[in-house]
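What follows is each chain in one-letter form.
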Amino acid sequence: MDPGGLSTVSSCDVYLAVSSRGDRMAIDKERIEKAVRMILEAIGENPDREGLRETPRRVASMLEELLEGYQIVDEYTWFTERSDLVVVSGIRFYSLCEHHILPFFGSVHVAYMPRGKIIGLSKIVRIVHKFSRRLQIQERMTQQIAEEVSKAANTPDVMVVSEAIHLCMAMRGVRTPAPTVVAAVRGIFSTDRSLKEEVYTIIHPYRLRGLLL
Ligand SMILES: [Zn+2]
């Protein structure tokens, strides 16, 4: 889960952390198990046959893991350091679309212009996990990541590009795995065209190529 690429970051002198609570209670696994058993019965399967006996439990544990973004607590460490553009590219993510509860997955690229504060790079990865590991749509996820990076780094100058393959498009419906690209472009990135181009140039080698798992 390490970011694929990074540019223009230097050393630190001071750090400070803030925290807040996760935005929801833990999921009810027992209820999920019952529901999965009902689904198995509804599709004409025998939930008591050997291969399926443990499936409700496995699905409940899997959902707990895939939706852990709801429980992630913000804790940002930042560094006071003069730096220009910071770009973290190729952060892999796996999410579940809220319309079909099927995976969509791909890469997120985050850029920001620090205003005296640089957040820890692992925190950017964590922000991506926080908003991807829940029921989502790609557009909202991209905006939420931009919003959180902006808050954490205390700068309005943030740009986030997400690229994803949606299994609900690939496996069903139009049955075409077309990669979807969404960008949230804020602050100086929306007015300074060359800066925006610079970000696209930096992230280019880390962009999604085809159906990568
Ligand atoms: Zn969908």
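The model shown is predicted, which means the values in this text are computed figures rather than measured ones.

(A) Summary view of the overall build of the chain. When its secondary structure is counted, the chain shows 7 helices and 9 strands. Each of the 213 residues in the chain was classed as buried or not, and the buried ones make up 29%.

(B) Representation of the environment of His166. Tracing the backbone shows His166 in strand β8 (residues 158-166). Residues His166 and Leu96, 70 residues apart in the sequence, show an inter-C-alpha distance of 8.9 Å. Not counting residues up to four positions away in its chain, the partners in contact with His166 are Cys97, Phe104 and Thr180.

(C) Focus on helix α4 (residues 138-153). The end-to-end C-alpha separation of α4 is 22 Å, in line with the 22 Å expected for 16 residues at 1.5 Å each. Listed in full, the buried residues belonging to α4 are Gln138, Met141, Thr142, Gln144, Ile145, Ala146, Glu148, Val149, Ala152 and Ala153. Phi for Asn154, located one or two positions after α4, is positive at around 55 degrees.

(D) Representation of the confidence of the model for the chain. Residues with a pLDDT of 70 or more make up 82% of the chain, whose mean pLDDT is 85. In this model, residues 1-21 is a region of pLDDT below 50 whose contacts with residues beyond four sequence positions or in other chains number 53 contacts.

(E) Representation of the nonpolar core in the model. Among the nonpolar cores identified, the biggest contains 30 residues, and Val110, Ala111, Val128, Ile145, Val149, Met159 and Val160 are the most heavily contacted of them. For this core, the secondary structure elements donating two or more residues are β4 (86-97), β5 (103-112), β6 (118-119), α3 (121-132), α4, β8 and α7 (193-203). Among the elements that make up this core, the one with the highest residue count is α4 (6 residues).

(F) Quick peek at the packing of α3 against α4. As a packed pair, α3 and α4 sit with axes 9 Å apart at the nearest point and diverge in direction by 140 degrees. When you trace α3 past α4, the crossing you get is right-handed. Contact with α3, carried on its side by Lys123, Ile124, Ile127, Val128, Phe131 and Ser132, involves Met141, Gln144, Ile145, Glu148, Val149 and Ala152 of α4 and no other residues of that element. Split by residue class, the contact of α3 with α4 holds 8 nonpolar, 2 polar and 2 charged.

(G) Highlighting the packing of helix α1 (residues 29-42) against helix α2 (residues 55-66). With their axes 8 Å apart at the nearest point, α1 and α2 run at an angle of 130 degrees to one another. It follows that α1 is oblique to α2 by the angle criterion. The way α1 lies across α2 gives a crossing that is right-handed. For the pair α1 and α2, the contacting residues are Lys29, Ile32, Glu33, Val36, Arg37 and Leu40 in the first and Thr55, Pro56, Arg57, Val59, Ala60, Leu63 and Glu64 in the second.

(H) Focus on the pairing of β4. Where β4 meets β5, 9 bridges bridge the pair, whose relative direction is antiparallel. Across the sheet, Phe93 pairs through a bridge with Gly106, a residue of β5.

(I) Main features of unusual backbone geometry. Backbone geometry at Ile101 places phi at a positive 55 degrees, although glycine is not the residue there. With respect to the element layout, Ile101 can be found in the loop between β4 and β5. On the basis of neighbour count, Ile101 is assigned to the exposed category, with 11 C-beta atoms found within 10 Å. A positive phi angle, near 50 degrees, is found at Arg175, a position not held by glycine. Along the polypeptide, Arg175 turns up in the loop between α5 (167-170) and β9 (180-185).

Criteria and cut-off values
Residues numbered from 1 in each chain as written. Predicted model: local features only at pLDDT ≥ 70, side-chain atom pairs only at ≥ 80, totals over all residues. Helix = DSSP H or I, 4+ residues; strand = E, 2+ residues; numbered from the N terminus. Buried ≥ 20, exposed ≤ 12 C-beta atoms within 10 Å, placed from the backbone. Contact = placed C-beta atoms within 7 Å. Expected span 1.5 Å × (residues − 1). pLDDT = per-residue confidence, 0-100. Core = buried A, V, L, I, M, F, W, Y, C linked by C-beta atoms within 7 Å. Axes fitted to C-alpha atoms, helices over the stretch in contact; angles between N-to-C directions. Left-handed = near helix turned anticlockwise from the far one by under 90°. Nonpolar A, V, L, I, M, F, W, Y, C, P; charged D, E, K, R; others polar. Parallel < 35°, antiparallel > 145°, perpendicular 65-115°, else oblique. Pairing = 2+ DSSP bridges.

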